[in-house]
Amino acid sequence: MKKQRLMIRTFILLILGAAIAYTLYANFTKDDKQTVEIGKKAPDFALVDLNGEKHKLSDYKGQGVFLNFWGTWCKPCEKEMPYINHQYQQFKDQGVQVLAVNVGESDLAVKKFAERYQLDFPIVIDKDSEVMHAYGVNPLPITFLIDKDGNVVKTHTGELTEAMVKEFMEQIKP
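A few points on the structure. Quick caveat: nothing in here was measured; it's all calculated off a predicted structure.

**What about the state of the cysteines?**
Step number 1: All told, the structure shown has one disulfide when counted by the stated rule.
Step number 2: Through a disulfide, Cys74 is tied to Cys77; the S-S separation comes to 2.3 Å. Every disulfide takes its handedness from the sign of the S-S torsion; for Cys74 and Cys77 that torsion is 75°, giving right-handed. The residues Cys74 and Cys77 share a single accessibility class, namely buried.

Shown next as structure tokens:
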């Protein structure tokens, strides 16, 4: 009788262990981030900038878009912003637009940051992180280069140098 109970308990423990192992495996291997593919259409979105103006990615068709995701607390983001702004001044009349997507910070924090660095390009805030999830953003900073047809040409994760920003803007110039 004891031997039979021991076998039943062992069998139940094995089933429970297998169920736990499967649950862990399923949760750690599923990828709930959408991925943006090179050569495919960039996911469209509409966000509002610091001046209350709506910016929809598809409205920039015909222009190259330098789409940068960033945060005020992100040191590499802070370092690359003046480079992006300087190159934006050089390329804005050549059909290249910069859209800087801040990920979920307050308008006040973003506005102070933009004023401190005298940023001239549109800065939109992704308050609900919907755009961030649509692009599979993690970690910051990350930049997506979108051509005049709305297709993703290249992505770059990490800090940019001014030379890289210039090179990337050349690549998406219509």
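Once the structure has been displayed, the description carries forward.
**Overview of the packing of helix α2 (residues 75–91) against helix α5 (residues 162–172)**
Relative placement of two packed helices is described by the angle separating their axes and the distance separating the axes.
Step number 1: The geometry of α2 relative to α5 is characterised by a closest axis approach of 9 Å and an angle of 35° between their N-to-C directions. In this structure, α2 meets α5 at a crossing whose hand is right-handed. Contact with α2, carried on its side by Tyr83, Ile84, His86, Gln87, Tyr88 and Phe91, involves Glu162, Val165, Lys166, Met169 and Glu170 of α5 and no other residues of that element.

**Some details on the pattern of salt bridges**
Pairing is possible between side chains of opposite charge, provided their charged atoms come close.
Step number 1: Evaluated as defined, the whole model comprises six salt bridges.
Step number 2: For Glu78, the salt bridge is made with Arg116, and the minimal N-O distance between the two is 3.6 Å. With Glu78 in helix α2 and Arg116 in helix α3 (residues 107–116), this pair connects stretches of sequence that are 38 residues apart.
Step number 3: Across the pair Glu170 and Lys173 runs a salt bridge whose closest N-O atoms are separated by 3.3 Å.

**Here we look at the packing of aromatic side chains**
Step number 1: In the structure shown here, the tally under the stated rule is seven aromatic pairs.
Step number 2: Seen in terms of ring centroids, Trp70 and Phe113 are 4.9 Å apart; in terms of plane orientation they differ by 35°. Their pairing is tilted. In this pair, Trp70 is assigned in strand β3 (residues 64–70) and Phe113 in helix α3, connecting sequence segments 43 residues apart. Here Trp70 matches Phe113 in class, with each residue buried.

**Overview of unusual backbone geometry**
Step number 1: Note the cis peptide between Asn138 and Pro139, where omega equals 5°.
Step number 2: Of note, Pro139 is situated in the loop between α4 (130–134) and β6 (142–146).
Step number 3: Cis peptide bonds are those with omega within 30 degrees of zero, and the linkage from Leu140 to Pro141 qualifies with -10°.
Step number 4: On the secondary structure map, Pro141 appears in the loop between α4 and β6.
Step number 5: In the Ramachandran plot, Gln118 falls in the positive-phi region, its phi being about 50° despite a non-glycine side chain.
Step number 6: Within the secondary structure, Gln118 is located in the loop between α3 and β5 (123–125).
Step number 7: Note on Gln118: relative accessible area 61%, which makes it exposed.

Basis of the calculations
Residues numbered from 1 in each chain as written. Predicted model: local features only at pLDDT ≥ 70, side-chain atom pairs only at ≥ 80, totals over all residues. Heavy atoms only, no water. Disulfide = S-S within 2.5 Å. Buried < 20%, exposed > 50% of the residue type's maximum accessible area, 1.4 Å probe, protein only. Axes fitted to C-alpha atoms, helices over the stretch in contact; angles between N-to-C directions. Helix = DSSP H or I, 4+ residues; strand = E, 2+ residues; numbered from the N terminus. Left-handed = near helix turned anticlockwise from the far one by under 90°. Contact = heavy atoms within 4.5 Å. Salt bridge = Lys/Arg side-chain N within 4 Å of Asp/Glu carboxyl O. Phe/Tyr/Trp six-rings, centres within 6.5 Å; stacked < 30°, edge-to-face > 60°.

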